[in-house]
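The lines below spell out each chain.
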Amino acid sequence: MATRRSVAACLWIPAILLICLVGGARSFYLPGVAPEDFQKGSELKVKVNKLTSTQTQLPYSYYSLPYCAPEKIVDNTENLGEVLRGDRIENSIYVFNMREPQRCKVACRKVLNAKDAKQFKEKIDDGYRVNMILDNLPLVLPLKRQDQESTTIYQHGFQVGFRAHYEGTTEERHFIHNHLHFTVKFHKDMSADTARIVGFEVKPASVKHEYEGEWSEHATLTTCNPHAQRFVTESDPPQEVEDNKEIIFTYDVDFEESPIKWASRWDTYLLMTDDQIHWFSIVNSLMIVLFLSGMVAMIMLRTLYRDISKYNQLETQEEAQEETGWKLVHGDVFRPPNNSDLLCVYAGTGVQFFGMILVTMIFAMLGFLSPSNRGGLMTAMLLLWAFMGLFAGYSSARMYKMFKGTEWKKITLKTAFMFPGVVFIIFFILNALIWGEKSSGAVPFGTMFALVFLWFGISVPLVFVGSYIGFKKPVIEDPVKTNKIPRQIPEQAWYMNPLFSILIGGILPFGAVFIELFFILTSIWLHQFYYIFGFLFIVFLILIVTCAEITIVLCYFQLCSEDYLWWWRSYLTSGSSALYLFLYATFYFFTKLEITKPVSGVLYFGHMLIVSYAFFVLTGTIGFYACFWFTRLIYSSVKID
């Protein structure tokens, strides 16, 4: 089965590319996602997806629990992103007829053995939720907000069950949701007798069903009988999960006409009730940017202009010997740093990452990666990462040639393997842990092969092509000559200590994004939709400006204090924001999540380590290139004999 999924994932790769390139996008839906019209009485097939829990973060397939199953379970073809997310979409026993309500429909009867009862109890203890899909819409549980009676919020799926105790006792028992009341909302076409599905909701209930006589397929339930006008109510005794106890699974289906049109059907799922917080986040970030921009403008226009004018007016040798500030180190400022190869590799990887994020966000804002295209975001990011290898190779080779390097193939291999290699090792270890838990979140061997193919078959060759082109380009000339003997760096003030200035430099870029970061972490770890890419793009632009400006400011102060070792420090100054990101992720783990299992904790910190590492590479590269441009600009503006 894993191989079949992996083959499907491989086939999806060119398909997604084709979809992204062909056809005009609707404002919200990916091209190719067309509405389906249903006649009255048309068959509606509900699909089941994974069981999810915010407490364990380990998804399981629906049929890992002894639920009612059809005669033959058929897996849906899944794309690369869906497989990596742990989605397992399969057919189910729930089949409706369009606009034909049903009451007290029996799905099946199960008698639990000790193993089945134990599985149900474990999943109830861990707060697992059941996810289903109808016409590409996820099943939701509508709830009224406690603070706002008029606002309805939607939770994904419904809980497997709950724990409670009988009146007069303190011992907690496990109860299962065995009766589902589905509501299918539809928008009717006035010109034709067809309708489109615009909503799929559920109200689960636990009821101990009773029936007359011996059980058979045609047995009449006394607890739910439409002929006797007896329906399931909240006062019915609940169904307990115990060894050797029978459970009868039932469901109702209601159809409700809705004014919501098909094109807007996702709006209720993506209803953003906290947009004021996002605006506050952006205003907060803009304040930081304005403050930094003011400082940069002051340095560039006032101090630098004054410095350059003064340096260029020096006429006598005596005056020239009295040079101070950043001009003093002109003979050392472009001296290649220690571990220059590694700097080239990280700068190239950062360019690759920057390109991937930028293009992904543009596609997301255009509506190509909406939640209706499950797994599309992750698939697009992986593909773009592979294709951006061209820019990684080009930028690292150009930098390497500037540092007078000659072995371009060596630097190419490092660029192609260092960052992806570290991430792949962490990912492989985490995947092994998920395998150990028998979770559907474990990536099958075939999909792992598809990922390795993306890396070795597409990314690595493109890095080589980029490096070859970059190395063939003329070398980047320094604006000033480098002295043969390095200048001694004077003793620095305590506040110019490299470690101190690096740690200070990371605070502002992190401050510009941390509020938006909260929503991103919530969408990932609390299984909520995130589709405010417009806000995210603004925050991303603010992050770029903040990283560039804080690095330029600190680089200027460093050069003024006659310390010319700016190469690595410029990368680490803005890159240190990743440290604050990881610390914030740790704070989020202990304050917002209810993870109890050690494996789940390791998974969380393993994934956040990968995210922080990627953030380090991205922000470090932005800061480094800003500083690189700044130093070349100021040293090319002064006359040096």
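Bear in mind that the values here come from a model prediction, so they are computed numbers and not experimental data. (Residues numbered from 1 in each chain as written. Predicted model: local features only at pLDDT ≥ 70, side-chain atom pairs only at ≥ 80, totals over all residues. Heavy atoms only, no water.)

Quick look at the overall build of the protein now. Scanning the protein for helices and strands turns up 16 helices and 14 strands. Its C-alpha atoms give the protein principal-axis dimensions of about 115 × 55 × 50 Å. Expressed as a percentage of its 641 residues, the buried residues of the protein come to 52%. Within the protein, contacts between residues separated by at least 24 positions form 80% of all contacts whose residues are at least 6 apart in sequence. About 30600 Å² of surface is accessible on the protein, with carbon and sulfur atoms providing 61% of the total. The distance from the centre of the 56 positive side-chain charges to the centre of the 59 negative ones in the protein is 7 Å. (Helix = DSSP H or I, 4+ residues; strand = E, 2+ residues; numbered from the N terminus. Buried < 20%, exposed > 50% of the residue type's maximum accessible area, 1.4 Å probe, protein only. Contact = heavy atoms within 4.5 Å. Areas by Shrake-Rupley, 256 points an atom, 1.4 Å probe, with all protein chains shown as cover. Lys, Arg positive; Asp, Glu negative; His and termini not counted. Charge placed at Lys NZ, Arg CZ, Asp CG, Glu CD.)

This part covers the state of the cysteines. For the structure on display, the rule yields two disulfides. Between Cys 68 and Cys 108 runs a disulfide, and the two sulfur atoms are separated by 1.9 Å. Residues Cys 68 and Cys 108 are joined through a disulfide that is left-handed, its torsion about the S-S bond being -75°. Of this pair, Cys 68 sits in the loop between β2 (43-52) and α2 (80-85) while Cys 108 sits in strand β4 (residues 102-111), and the two are 40 residues apart along the sequence. The exposure class of Cys 68 is buried, given its relative accessible area of 3%. Among the residues examined, Cys 108 registers a relative accessible area of 16% and is labelled buried. With a sulfur-sulfur separation of 2.0 Å, Cys 104 is cross-linked through a disulfide to Cys 224. When the S-S torsion is -80°, as for the bridge of Cys 104 with Cys 224, the disulfide is left-handed. In this pair, Cys 104 sits in strand β4 while Cys 224 sits in the loop between β13 (194-205) and β14 (246-257), placing the two residues 120 residues apart along the sequence. (Disulfide = S-S within 2.5 Å.)

This paragraph deals with helix α3 (residues 114-125). Taking 1.5 Å per residue as the helical rise, α3 with its 12 residues ought to reach 16 Å, and the 16 Å between its terminal C-alpha atoms agrees with that figure. Looking at α3, one finds that the buried residues are Asp 116, Ala 117, Phe 120, Lys 123 and Ile 124. With its buried residues spanning 130° around the axis, α3 presents them on a single face. Those residues of α3 that are exposed and aimed more than 90 degrees away from the buried face are Lys 115 and Lys 118. (Expected span 1.5 Å × (residues − 1). Arc of directions from axis to C-beta.)

Attention now moves to the pattern of salt bridges. Taken as a whole, this structure holds 28 salt bridges when the rule is applied. Of the charged contacts in the structure, one is a salt bridge between Arg 196 and Asp 37, with a shortest N-O distance of 2.8 Å. Linking Arg 196 in strand β13 with Asp 37 in the loop between α1 (2-21) and β1 (38-39), this pair joins segments that are 159 residues apart in sequence. Take Arg 196: its relative accessible area is 30%, and that puts it in the partly exposed class. Note that Lys 245 and Glu 240 form a salt bridge whose closest N and O atoms lie 3.7 Å from each other. Relative accessible area serves as the criterion here: at 30%, Lys 245 is assigned to the partly exposed category. The class of Glu 240 is buried, set by a relative accessible area of 5%. (Salt bridge = Lys/Arg side-chain N within 4 Å of Asp/Glu carboxyl O.)

Let us look at the pairing of strand β12 (residues 179-188). The buried fraction of β12 amounts to eight of the 10 residues, a majority that puts the element mostly inside the structure. As defined by bridge partners, β12 adjoins β13 across 10 bridges and the pair is classed as antiparallel. Each bridged residue has a counterpart across the sheet, and for Lys 188 the counterpart in β13 is Ala 195. The hairpin formed by β12 and β13 contains five residues between the paired strands. (Pairing = 2+ DSSP bridges.)

Quick look at the side chain of Asn 431 now. For Asn 431, the location among the structural elements is in helix α9 (residues 408-436). Engagement of the side chain of Asn 431 in a polar contact is seen with the backbone nitrogen of Val 443, the distance being 2.7 Å. Apart from the residues lying within four places of it in its own chain, the contact partners of Asn 431 are Gly 441, Ala 442, Val 443 and Met 448. (Polar contact = N/O pair within 3.5 Å; in protein donor to acceptor, adjacent residues only side chain to side chain.)

A few words now on the packing of helix α7 (residues 376-387) against helix α10 (residues 445-472). Their axes nearest at 7 Å, the elements α7 and α10 cross at an angle of 35°. Facing α7, whose interface residues are Leu 382, Leu 383, Trp 385, Ala 386 and Phe 387, α10 presents Leu 451, Leu 454, Ile 458, Ser 459 and Leu 462. Here the contact of α7 with α10 is composed, by residue class, of nine nonpolar, one polar and no charged. (Axes fitted to C-alpha atoms, helices over the stretch in contact; angles between N-to-C directions. Nonpolar A, V, L, I, M, F, W, Y, C, P; charged D, E, K, R; others polar.)

This part is about empty space enclosed by the protein. Counted according to the given criterion, the structure contains three cavities of 30 Å³ or more. Put simply, the largest cavity is a space of about 50 Å³. As for the largest cavity, its lining consists of Tyr 62, Tyr 67, Tyr 94, Val 130, Met 132, Phe 158, His 177, Asn 178, Leu 180 and Phe 249. Residues of the lining of the largest cavity, tallied by class, amount to eight nonpolar, two polar and no charged. (1 Å grid on protein atoms, 1.4 Å probe; cavity = no way out; pocket = protein on both sides within 12 Å on 5 of 7 lines; lining within 4 Å. Points joined across faces, edges and corners; volume = space filled by probe spheres on them.)

As a further point, take the nonpolar core. Within the largest apolar cluster, 149 residues are counted, with the highest numbers of intra-cluster contacts made by Tyr 94, Phe 96, Met 132, Phe 182 and Trp 566. At 19 residues, helix α16 (residues 598-635) tops the list of elements feeding residues into this core. Not counting the four nearest positions on each side in its chain, Tyr 94 is found in contact with Leu 44, Lys 45, Val 46, Tyr 62, Ala 107, Met 132, Leu 180, Phe 182 and Tyr 251. (Core = buried A, V, L, I, M, F, W, Y, C linked by side-chain atoms within 4.5 Å.)

Before going further, it helps to spend a moment on the packing of helix α14 (residues 567-575) against α16. In the contact formed by α14 and α16, the axes pass within 7 Å of each other and the chain directions differ by 135°. Accordingly, the angle class assigned to the pair α14 and α16 is oblique. For the pair α14 and α16, the sense of crossing is right-handed. Residue-level inspection shows Trp 567, Ser 570, Tyr 571, Leu 572, Ser 574 and Gly 575 of α14 in contact with α16, the latter providing Phe 616, Val 617, Thr 619, Gly 620, Thr 621, Gly 623, Phe 624, Cys 627 and Phe 628. Residue composition of the contact of α14 with α16, by class: eight nonpolar, seven polar and no charged. (Parallel < 35°, antiparallel > 145°, perpendicular 65-115°, else oblique. Left-handed = near helix turned anticlockwise from the far one by under 90°.)

At Phe 514, helix α12 (residues 507-525) shows its maximal bend, which comes to roughly 50°. Just downstream of α12 lies His 527, where phi reads positive at about 55°. (Bend = angle between axes of the 7 residues up to and from the residue.)

Nothing here speaks to function; it is geometry throughout.
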